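Chain and residue survey
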Amino acid sequence: MPRGRRGGRVSALEGCREEEAPPAADAVPSVLWASGQQPESAAELILLRGIFEIRRDSCDVVLSERALRWQPIQPERPTGDSKYNFLHKEEFIELKDIFSVKLKRRYSVKQQRSGTLLGITLFICLKKEQNKLKDSTLDLINLSEDHCDVWFRQFKKILAGFSDRPKSLKIVLNPQSHKKEATQIYYEKVEPLLKIAGIKTDVTGSTNVLAHSLHGISHVVTATLHIIMGHVQPVDVCTFSTTGKFLRFGFSAMFGFGGRALALAEEHRWMSPNQRMDFAVIKALAKLKPEECEISFLPFNDPQDREERRAQGSLKSDCNDQWQMIQGQFLNVSIMAIPCLCSVAPRGLAPNTRLNDGSMALIISRNTSRPEFIKHLKRYASVKNQFNFPFVETYTVEEVKVHPRSNSSGHNPEEEDGPHETATGSSFPWNVDGDLMEVASEVHVRVHPRLINLYGKSMEETIPK
């Protein structure tokens with residue numbers, strides 16, 4: 001029986017001409033397959049059983065309803081040989097971790113179509129450290145066309161049963177993002193995986209504010225594998241409205257400093273994205289001014305707590321069921337329904353917020369000195385508590401109304417080169433998911449629990465046990 005090279009991804013692709021594997025696909029050490037808690041097998045229905053060569057060993061391979069298991073075939077040894085039993089422990093992979101199957105062939109110059117069959121290659125999604133996912137391969141080597149055809153068809157049937165996995169996608173790319181390398185990264189790292197999974201794609205352009213918060217890590221392969229595996233996560237969404245008029249949907253918003261900085265950045269679109277944002281932040285800090293506002297909010301009332309109190313007959317209208325109001329001069333107001341993880345805030349702009357618990361974080365920075373406000377901003381990049389300042393207040397809310405008062409901060413309009421100059425008329429700039437929104441009056445933000453489903457998993461689920 002011929003021996004296949006480890007990790008031969010290219011040879012498994014239909015129509016390929018080489019057996020060499022690309023560097024992105026590594027065969028996984030056997031210890032990783034056997035790690036973790038094995039699925040129950042006693043009551044599982046065995047679908048197929050046969051012999052394949054796996055990592056240079058002839059193995060007895062069993063395909064059941066939930067897992068693929070294998071164990072090297074060796075001559076009989078004395079009973080009770082514990083060392084032998086340990087070295088030849090049964091290994092397995094769960095079927096839910098397989099995202100594609102291909103026939104593995106070797107092609108020569110004379111073989112234009114079929115090639116020489118070597119066996120079957122399984123493409124697998126592995127959980128790694130720090131929320132990271134990794135693609136890998138497992139080769140099942142057997143030269144029999146009939147034998148491999150039966151197993152190949154069974155694997156295809158199993159994969160077709162995962163109905164949550166997409167068959168086609170509209171890919172949204174921002175060619176200017178990631179130092180203008182987004183398109184190159186897509187075609188080098190994302191598209192090959194989607195092709196292996198048999199997913200049809202159509203590419204267009206934009207940006208995505210959710211990726212880091214949704215996956216817990218900024219890693220393009222992890223994001224791609226979540227899509228391929230059909231990992232779906234419900235996410236809260238906010239609506240933004242003014243005087244009864246709907247403005248837009250969103251996940252996070254900043255008013256004050258965050259809005260001013262974005263408005264300044266939009267005036268310098270000729271700069272690169274990183275340059276204009278750095279410039280805008282520095283200029284906004286140099287011209288730091290508070291906004292006179294009245295902020296009303298409805299505190300978050302946990303539905304589970306509400307049901308428990310109702311069951312105990314103690315559900316009464318209290319302060320948590322009533323709107324609360326604060327007013328004064330504020331340097332920044334953040335309203336966030338997601339953690340907003342990013343490169344400048346690894347723990348998130350709102351680290352205590354969850355993706356789908358029906359609440360928003362309201363973070364208010366009252367007027368203070370410029371040095372103190374800069375200290376607050378720098379804390380986002382560290383492990384220290386960025387809210388541990390006397391001028392910062394945090395609330396967990398369901399709804400927020402922000403009512404700014406034009407020119408009430410006591411500044412001379414002729415000296416202003418901040419938001420009032422960059423906005424149309426007397427509008428105030430808002431930063432909503434990185435997009436500039438200009439509104440002249442009160443803005444009402446309301447969270448809608450689990451309104452949409454997105455590809456990804458909660459950060460707790462992606463961490464291996």
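In the nomenclature of an unreviewed UniProt entry, the protein corresponds to Ceramide kinase like from the organism Phocoena sinus.

This part takes up the nonpolar core. Most often, soluble globular proteins keep nonpolar side chains buried together rather than apart. With 27 residues, the main nonpolar core has Phe257, Ile338, Ile363, Phe373 and Val392 as its most contacted residues. Looking at this core, the elements that each hand over two or more residues are strand 11 (232-242), helix 9 (257-266), helix 10 (273-286), strand 15 (324-336) and strand 16 (360-366). Among all residues touching valine 392, those that are not within four sequence positions of it are Ile363, Ile364, Ser365, His376 and Phe387. By size, the runner-up hydrophobic cluster in this structure holds 26 residues, among which are Phe255, Cys293, Met360 and Trp430.

It is worth spelling out the packing of aromatic side chains at this point. What the rule picks out here adds up to eleven aromatic pairs. Ring geometry for phenylalanine 257 and phenylalanine 373: centres 5.3 Å apart, planes at 75 degrees, overall edge-to-face. Here phenylalanine 257 is found in helix 9, whereas its partner phenylalanine 373 is found in helix 12 (residues 370-379), with 116 residues between them in sequence. What makes phenylalanine 373 buried here is its relative accessible area of 1%. A ring pair is formed by phenylalanine 389 and phenylalanine 391, whose centres lie 5.4 Å apart and whose planes are at 40 degrees; its orientation type is tilted.

The tally for this structure, following the rule as stated, stands at 15 salt bridges. One salt bridge in this structure joins arginine 248 and aspartate 433, with 3.9 Å as the shortest N-O distance. Taken as a pair, arginine 248 in strand 12 (residues 245-250) and aspartate 433 in the loop between strand 18 (428-432) and strand 19 (435-439) lie far apart in primary sequence, 185 residues in all. Among the residues examined, arginine 248 registers a relative accessible area of 22% and is labelled partly exposed. Salt bridges sharing common partners tie together Glu44, Arg69 and Glu90.

Helix 8 (residues 220-228) sits mainly inside the fold: seven of its nine residues count as buried. Along helix 8, the residues that are buried comprise Val221, Thr222, Ala223, Thr224, Leu225, His226 and Ile228. In the core, the buried residues of helix 8 are packed alongside strand 6 (98-106), strand 7 (116-127), strand 8 (133-141), helix 6 (182-196), helix 7 (211-215) and strand 20 (443-455). Positive phi shows up at glycine 230, right after helix 8, with a value of about 75 degrees.

Looking at chain direction, strand 13 (residues 252-256) and strand 15 are connected through five bridges and run antiparallel. Note on strand 15: the bridge partner recorded for alanine 253 is isoleucine 335. In terms of strand pairing, strand 14 (residues 291-299) meets strand 15 through seven bridges, oriented antiparallel. Counted as the bridge partner of phenylalanine 297 is glutamine 324 from strand 15. Pairing of strand 15 with strand 16 involves six bridges; the strand directions are antiparallel. Opposite asparagine 332, over in strand 16, you have serine 365 as the bridge partner.

On average, residues of the protein carry a pLDDT of 80, and 74% of them reach 70 or more. Ranking the elements of the protein by mean pLDDT puts helix 1 (residues 9-12) last with 34 and strand 16 first with 97. Under a pLDDT of 50 for its full length, residues 29-36 has, in the predicted model, 17 contacts with residues more than four places off or in other chains.

Turning our eyes to something else, we now look at helix 4 (residues 145-160). The first and last C-alpha atoms of helix 4 sit 22 Å apart over 16 residues, in line with the 22 Å expected at 1.5 Å per residue. Taken as a whole, helix 4 has its buried residues at Cys148, Trp151, Phe152, Gln154, Phe155, Ile158 and Leu159. Considered in projection along helix 4, the buried side chains sweep an arc of 165 degrees and stay on one side of the axis. Residues of helix 4 that are exposed and point over 90 degrees away from its buried face: Asp146, Arg153, Lys157 and Ala160.

Cut-offs applied
Residues numbered from 1 in each chain as written. Predicted model: local features only at pLDDT ≥ 70, side-chain atom pairs only at ≥ 80, totals over all residues. Heavy atoms only, no water. Core = buried A, V, L, I, M, F, W, Y, C linked by side-chain atoms within 4.5 Å. Buried < 20%, exposed > 50% of the residue type's maximum accessible area, 1.4 Å probe, protein only. Helix = DSSP H or I, 4+ residues; strand = E, 2+ residues; numbered from the N terminus. Contact = heavy atoms within 4.5 Å. Phe/Tyr/Trp six-rings, centres within 6.5 Å; stacked < 30°, edge-to-face > 60°. Salt bridge = Lys/Arg side-chain N within 4 Å of Asp/Glu carboxyl O. Pairing = 2+ DSSP bridges. pLDDT = per-residue confidence, 0-100. Expected span 1.5 Å × (residues − 1). Arc of directions from axis to C-beta.

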